[in-house]
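Structural overview for review
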Amino acid sequence: MAAGKGRKLVIVESPAKAKTIAGYLGGDYDVEASVGHIRDLPNPSELPAEMKKGPFGKFAVDVENDFAPYYVVDPDKKKKVNELKRKLKDADELYLATDEDREGEAIAWHLLEALQPRVPVKRMVFHEITREAIQRAVNDTREIDAALVDAQETRRILDRLYGYEVSPVLWRKVRQGLSAGRVQSVATRLVVERERERMAFVRASYWDVEGDFTPDGTAQQFTARLTTVDGSRVAAGRDFSDRGELSGTGVVRLDEALARRIAEACLAASARVTDVQEKPYTRRPSAPFTTSTLQQEASRKLRMSSKNSMRVAQRLYEGGYITYMRTDSTTLSDAALTAARSQARDLYGAEYVPDAPRRYEKKVKNAQEAHEAIRPAGDRFRTPAMVAGELRGDEFALYELIWKRTVASQMADARGSTATVKLSVDTAVEGAQQVEFSASGTVITFKGFLAAYEEGRDDEAQARADAAAEERRLPKLSTGVALEVIRAEAEGHETTPPARYTEATLVKAMEEKGIGRPSTYASTIGTIQDRGYVFTKGQALVPTWLAFAVTRLLEEHFSELVDYEFTASMEEDLDRIANGELGRVEWLQRFYFGDEATTAEGLKELVDDLGEIDAREISTIPLGEGMVVRVGRYGPYVEDTRGTPSPVDPLNGMDADATPSRSAAEGSSVAPRRATITDDIAPDEMTPARAGELLEAAADDGKVLGRDPETGREIIAKAGRYGPYVTEVIDEDEAAPATNGRSKKAAKPKPRTASLFKDMDLATIDLETALKLLSLPRVVGADPEGVEITAQNGRYGPYLKRGTDSRSLQTEQQLFDITLEEALAIYAQPKQRGRAAAAPLKELGEDPVSGKPVLVKDGRFGPYVTDGDTNATLRKDDDPESISPERGFELLAEKRAKGPTTRKRTAKKTTKKAPAKRATKKATTKKA
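The following paragraphs examine the structure supplied in this document.

Conventions used here
- Residues numbered from 1 in each chain as written.
- Predicted model: local features only at pLDDT ≥ 70, side-chain atom pairs only at ≥ 80, totals over all residues.
- Heavy atoms only, no water.
- Helix = DSSP H or I, 4+ residues; strand = E, 2+ residues; numbered from the N terminus.
- Contact = heavy atoms within 4.5 Å.
- Areas by Shrake-Rupley, 256 points an atom, 1.4 Å probe, with all protein chains shown as cover.
- Axes fitted to C-alpha atoms, helices over the stretch in contact; angles between N-to-C directions.
- Parallel < 35°, antiparallel > 145°, perpendicular 65-115°, else oblique.
- Nonpolar A, V, L, I, M, F, W, Y, C, P; charged D, E, K, R; others polar.
- Pairing = 2+ DSSP bridges.
- Expected span 1.5 Å × (residues − 1).
- Buried < 20%, exposed > 50% of the residue type's maximum accessible area, 1.4 Å probe, protein only.
- Salt bridge = Lys/Arg side-chain N within 4 Å of Asp/Glu carboxyl O.

Along the protein, the regular secondary structure elements total 27 helices and 34 strands. Sequence separation of 24 or more characterises 68% of the internal contacts of the protein that already satisfy a separation of 6 or more. For the protein, the computed accessible surface area is about 45000 Å², with 48% contributed by carbon and sulfur atoms.

Turning to the packing of helix H2 (residues 78-89) against helix H3 (residues 102-115), a few remarks are in order. The N-to-C vectors of H2 and H3 enclose an angle of 75 degrees; their axes lie 10 Å apart at closest approach. By the criterion of interaxial angle, the relationship of H2 to H3 is roughly perpendicular. When H2 is examined against H3, the residues Val-81, Leu-84, Lys-85 and Leu-88 are found in contact with a partner set consisting of Leu-111, Ala-114 and Leu-115. For the contact of H2 with H3, a count of residues per class yields 6 nonpolar, no polar and 1 charged.

Here the focus is the pairing of strand S15 (residues 432-446). Examined bridge by bridge, strand S10 (residues 222-229) and S15 share 4 bridges and lie antiparallel to one another. Of the residues in S15, the one forming a bridge with Thr-228 is Glu-436. Alignment of strand S14 (residues 414-429) against S15, held across 13 bridges, turns out to be antiparallel. When the sheet's bridge partners are listed, Val-425 is paired in S15 with Val-435. The antiparallel hairpin formed by S14 and S15 contains 2 residues in its connecting segment, where Gly-431 sits at a positive phi of about 85 degrees.

The 4 strands are arranged S2-S1-S7-S8 in an open sheet whose pairing can be described as parallel. Each having just a single partner strand, strand S2 (29-33) and strand S8 (121-123) make up the two edges of the open sheet. Ignoring which end each strand starts from, the neighbouring axes of this sheet average 20 degrees apart. Strand contacts of H2: strand S1 (8-12), S2 and strand S7 (93-96), with the helix running at about 170 degrees to S2, the strand carrying the most contacts.

Under the 1.5 Å per step criterion, the end-to-end length of helix H16 (residues 545-557) is 19 Å for 13 residues, consistent within 8% with the ideal 18 Å. Within H16, 10 of the 13 residues are buried, which leaves the element mostly enclosed by the surrounding structure. Burial in H16 covers these residues: Trp-545, Leu-546, Ala-547, Phe-548, Ala-549, Val-550, Thr-551, Arg-552, Leu-553 and Leu-554.

Hydrogen bonds between backbone groups are what pair the strands of a sheet, and the pairing can be parallel or antiparallel. Strand order in the open sheet formed by 4 strands is S23-S24-S25-S26, and the pairing between neighbours is antiparallel. The sheet terminates laterally at strand S23 (703-707) and strand S26 (753-755), the two strands that pair on one side only. Averaged over all pairs of adjacent strands, the angle between strand axes in this sheet comes to 25 degrees, irrespective of strand direction.

What follows is about the pattern of salt bridges. A complete count under the given rule lists 67 salt bridges for this structure. For Lys-122, the salt bridge is made with Glu-93, and the minimal N-O distance between the two is 3.1 Å. Pair noted here: Lys-122 is in strand S8 and Glu-93 is in strand S7, with a separation of 29 residues, a long-range link. Judged by its relative accessible area of 14%, Glu-93 falls in the buried class. Taking the shortest distance from any N to any O, the salt bridge between Glu-103 and Arg-155 comes out at 2.5 Å. Separated by 52 residues along the polypeptide, Glu-103 in helix H3 and Arg-155 in helix H5 (residues 146-173) bring together distant segments of the chain. A relative accessible area of 25% means that Glu-103 is categorised as partly exposed. Classification of Arg-155 by relative accessible area gives buried; the value is 18%.

All right, on to the pairing of S10 then. Sheet topology places strand S9 (residues 205-215) next to S10; 4 bridges connect them, and they run antiparallel. For Asp-212, the partnering residue across the bridge sits in S10 and is Thr-223. Here S10 hands over to strand S11 (residues 232-234) after 2 residues, with Asp-230 in that stretch at a positive phi of 50 degrees.

Following this line, the structure appears as structure tokens:
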């Protein structure tokens, strides 16, 4: 190979990172992006024909030969690989500068395998993209870490074996196309278990008394709450079990009558102070951000999803604004400690900085990453004001959050004092002769780190209460002081079920249990939503009935695979492989084939010996009172297993296999009632009473609106499977005229039916509107040549039709209102392909690559960005209204790098045995 003249090729993952780094390295370096992974395990269907029947045919992994993987270059990346090979021909050195974690190390190794360089190879790593960090990284390289690559490969093969063995069981027993996964199934189970707790929760009511008091002759008023009655503590919400039962001893539960009598008696009496306690208050700042705490705080404070917060953090990292964003370390480097302390001193004063730096060495369970905490990049941090001209929207908000948290972590404690006052009232009420109230308040005398930052709370109501308590000042009081009772009111309360997980609290729970890793939290939450196992209701994550069925099957037949401790132990084992303490083949052998020494079953044996699984029973969730929810092929439905003597359609729009239960089918005249469950009903809202309402609504013949004055037929409005609609009722004896002499019985006419418009409500629909709907399609008129123009509602919305020429309308209301003149004006315009081009949703400016204006548009398959030549679909968490120009340019760059989409995927044969792979790792990564 002819070597270049001192050229050096640097390969990173993303185009944005490549652009930033290129600016720091100078003209002797070519910086290119691989755009993520270039090779992976193919789907078995994509294997060459001669391999489909061989050892790689089932998983693209030879489980009998040391779990050797079969990798292929992704078809979308072949163009990129060829481009990198061309660049390599002109280079004297190759720098692999992917992220320093398992995935990044694996990407570097796959690049090495695909490119087969003949020049010296260096592994270049850095944790922030600043000029100083990049130049240090160029001069301090290392070899590829084979153990890290082994850990990533083990994780990839593990996930392939898990998914490909367990998912087909779900296809057969629950529904076709479902998926199971090592982390996603456990995360789904967490959400389902919380919903089960909510469904089993029994509310309990309790009462207490709140009063306002003031020292005699003063205007200082404060609020206190009833805490004891005749020496017994008054029950609060924490004293009740989830079954609504009062737990503990020495606790009294007030009912409404007694609480009101106590309040009335207090108003007629006076109070006296029985105890005053005051103690110092100190609050320490939180540690700098890890991946999980950043996701949690971005969710609480910025309402960002986990996926979006990580996407924004990735852009900040690649732009050189923050350090590497996938880490579970809370450690700051000495340079960062100095920068944070210096900035806190400059902005807030020397008294706001403690004498010694704060060091947060503690890591979470199974911590893997060796990076710093997430912080502003550089040896001197840029304040939010300094980057305000460069960052916008989410990027600025997240940077500001990271900056505040980092600086605050090196600031002094908040200090103050907390006072607690107890006061007694003699009521002479039977059963409550003497009652005691309590009040507390905190006064912050020195804000310390709170001047820069305060951590959010998952429980917003409790957070507001705590904030109010911290701002509450109590008057100076001493024991024995008499108090006047200004107000006393009885208040009723109800216990509340456990709160559903939000993205923030689910990430927190997964981290605490050691499930998943910083780099997987966001993708896991996205996956369980994309798979239809979880949906969002506000900020809450709500499981679907499908998730209940899948979780039950896994719990009963693959209990170990969804066990929290077992899943966490797998993460620990992957860490041991990454540290070189455990062999990859040894671990996979034990996981898949079992352990003879401990007689533990492996995954293969679990799947082979499943036995009989009652699919109907697995997909049944009892509600009580004979009501059950069943998950069918076409969605969930509620069923009354007690049946009804009324005749019913045996399918009723449900599944063909949804046969009556045995108890219901014992009598031939009894069949179960069924009703579809709409998506707006959360599982914990599906009580037996609610199920009954759905069944009654399903059996209802519809809301009678009146009669059509022309036909005399009754017009009704109904809720159907595909939404509300109106229809006419045709009597049994009504028939159309016979069309031939041989017909003995005339055909019954088909009733007219029409769906309600999107802005119409079933509860308020009237006869006049219903008749308008049933009159569609409407004849608007005829054009000058006599061709009739009609207004119709179709699958893709409202439109006009003239012969074979159709034109879209903007709103459904135009079906009723459009005039002939307006219709002719539409036809006078040149016909456009598809719908008329709508105005762009947003303009992002000129693309730095093509130099053309970039627009955000709404397409048939969702919003996308385009410069006229390249189109890139927005991701799930990209908001068309607030997307930044940088994000739009990034999407276009990624699309260009991938090249044109190819439909046919062909596998490139790159079979490789595990021993050869290890030899390759050592032989091809020598440090130059």
